[in-house]
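Understanding the architecture of this molecule
Each chain, written out:
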Amino acid sequence: TVTDPRKVVVVVPFLDEEESLPVLCDRLRGVLEKEPEDFELLLVDDGSRDGSAAWAAACAEREPRVKLLSLSRNFGHQLAITAGMDHADGDAVVIMDADLQDPPEVVPELLRSWREGHEVVYAVRTSRRGESWAKRLLAATFYKTFRRMASVDVPLDAGDFRLVDRQVIDALKQVRELHRFVRGLTCWVGFSQSAIHY
Ligand code: UDP
Ligand code: MG
C-alpha cells in the first residue's frame, strides 16, 4: 500500500527580521525540497514594525507552502514559538530562529534522527563563534545555575533549534505554563531525545 508522505512544519518566530527572513526562507526551501517529507513554513510575526511582516504576508499569498501567523502584539520569543507549535499540523515540527543563527542545512540531520525514531532532536552548537564574551559568560552562568536548581537536564549550548515529534507537540499543549522556557519543557516531557552537533 502507498502511504502519504509525512509532513514537517518549520516554525519561525520573527521580530523585525526583514534582512534575514527572505534569505532563511530561500535556504530552507532549497534544503527541504530534497527531503521525502512534505513541508510547510509557518512564519510567526511577533509584532514586527519593519518590513518583515509585509514580506511574509506577500510570500504566504504567493506560496502555498508558506503560512503566516500574526500575533496581535509583541509577546516575546517563547510565546511566539508556542503559538507556532499550537498551530502547526505537521507530523514533526522544527523550531528555528529567523536571524540565520540556526543554519537550515542542519535540518536534514534532524530529520534523519527523527526517522530513526527519536521524538525530540535538538541541535547543539560545538562553538559559539560570533557571540560576544558577555553573552557566552551569561549563557554559561545561566545554564550552570539552572541545572543546579531544576530537576530537568537541559543540554548546554542548545537553543530552541530542534525537531519535535507530533506526540511531543500534543503533550506540550497540555502544559499550561504561561512563563515558558520551551527548550526546558521539551526535555521535561520525556520521550526519546537525541542531539545533533553542528
Ligand atoms: N524574536 C521574537 N520575538 C521577540 C524577540 C525575538 O519572535 O520578542 C525572534 C527573533 O526575530 C529571532 C528569534 O526570536 O528569530 C531569537 O531572537 P534573538 O536572535 O534576539 O535571540 P538570541 O539569538 O539572542 O537568543
Ligand atoms: Mg539570535
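Before reading further, recall that the structure is shown in the block above.
Note that the structure is a prediction, hence the values are computed from the model and not measured.

Around ligand 1 sit 13 residues in total, of which Glu17, Asp46, Ala98, Asp99 and Gln101 are the nearest. Contact distances for ligand 1 include 2.6 Å between an oxygen atom and a side-chain N or O atom of Glu17. One of the side-chain N or O atoms of Asn74 is found 2.9 Å from an oxygen atom in ligand 1. Here ligand 1 has 530 Å² of accessible area as a free molecule, and 73% of this is covered by the chains. Split by residue class, the shell around ligand 1 holds four nonpolar, four polar and five charged.

Turning our attention to the pattern of salt bridges. Two side chains bearing opposite charge may form a pair once their charged atoms approach each other closely. Inspection of the entire model under this criterion finds 16 salt bridges. Between Arg115 and Glu37 there is a salt bridge, with its nearest N and O atoms 2.8 Å apart. Taken together, the residues Arg115 in helix H4 (residues 107–115) and Glu37 in the loop between helix H1 (20–32) and strand S2 (38–45) connect sequence positions 78 residues apart. Assessed through its relative accessible area of 34%, Arg115 is described here as partly exposed. Residue classification places Glu37 among the buried residues on the basis of a relative accessible area of 9%. A salt bridge links Arg147 to Asp153; the shortest N-O distance between them is 4.0 Å. Sharing partners across several salt bridges, the network here consists of Lys7, Glu40, Lys67 and Asp89.

With that out of the way, let us pick up helix H2 (residues 52–62). Helical geometry: 3.6 residues make up each α-helical turn, so side chains three or four residues apart lie on a common side. Three or more residues of H2 are buried, namely Ser52, Ala56 and Cys59. One side of H2 carries all its buried residues, which in axial view fall inside an arc of 65°. The outward face of H2, more than 90 degrees from its buried face, is lined by the exposed residues Ala54, Glu61 and Arg62. Looking at the buried side of H2, the elements it contacts are strand S1 (7–14), H1, S2 and strand S3 (66–70).

For the magnesium ion (ligand 2), every protein donor is listed as Asp99 (OD) and Gln101 (OE1), and the spread of their distances is 1.9 to 2.1 Å. Here Asp99 falls in the partly exposed class, since its relative accessible area comes to 30%. Owing to a relative accessible area of 42%, Gln101 belongs among the partly exposed residues under this scheme.

A word on the sheet that holds strand S6 (residues 158–165). Pairing within the open sheet is mixed, and its seven strands lie in the order S3-S2-S1-S4-S6-S5-S7. Across the chains shown, the open sheet's two edge strands, defined by having one partner strand only, are S3 and strand S7 (193–197). Each neighbouring strand pair of the sheet contributes to a mean axis angle of 20°, computed without reference to strand direction. Strand direction decides the pairing type here: strand S5 (residues 120–124) and S7, joined by five bridges, are parallel.

About the thresholds
- The residue count restarts for each chain, going from 1 along the sequence in the order it is written.
- Chains carry letters from A onward and ligands carry numbers from 1 onward, assigned in written order.
- Given that this is a predicted model, residues contribute local features only at a pLDDT of at least 70 and side-chain atom pairs are listed and counted only at 80 or more, while totals for whole chains, interfaces and linings are drawn from all residues.
- Only hydrogens and water are set aside; all other atoms, that is, all heavy atoms of the structure, feed into the side-chain values.
- Near residues are defined by distance, with any heavy atom within 4 Å of the molecule or strand qualifying the residue.
- By the criterion applied in these results, polar contacts are pairs of N or O atoms within 3.5 Å in which, for protein atoms, one can donate a hydrogen and the other can accept it, and in which residues neighboring in sequence qualify only through two side-chain atoms.
- We get accessible surface area from the Shrake-Rupley algorithm with a probe of 1.4 Å; when it comes to residues, only the shown protein chains can shield them.
- Note that Gly is not counted as nonpolar here; it falls among the polar residues with everything else outside the nonpolar set of Ala, Val, Leu, Ile, Met, Phe, Trp, Tyr, Cys and Pro and the charged set of Asp, Glu, Lys and Arg.
- Salt bridge criterion: a side-chain nitrogen from Lys or Arg within 4 Å of a carboxyl oxygen from Asp or Glu.
- Every helix listed is a DSSP run of H or I at least four residues long, and every strand listed is a run of E at least two residues long, numbered separately from the N terminus.
- Working definition: with a 1.4 Å probe on protein chains only, accessible area under 20% of the residue-type maximum means buried, over 50% means exposed, and in between means partly exposed.
- To obtain the arc, one takes the directions from the helix axis to the C-beta atoms.
- Should any heavy atoms of two residues lie within 4.5 Å, those residues are counted as being in contact.
- Donors, by definition, are the N, O and S atoms found within 2.8 Å of a metal, the threshold being 3.2 Å for Na, K and Ca, and water is not counted, so a site can look incomplete.
- Should DSSP find at least two bridges between two strands, the strands are regarded as paired.
- Each axis is a line fitted through C-alpha atoms, and for a helix only the stretch in contact is used; angles between axes span 0 to 180 degrees, taken between their N-to-C directions.

Honestly, that's just the spatial picture; any functional story needs more than this.
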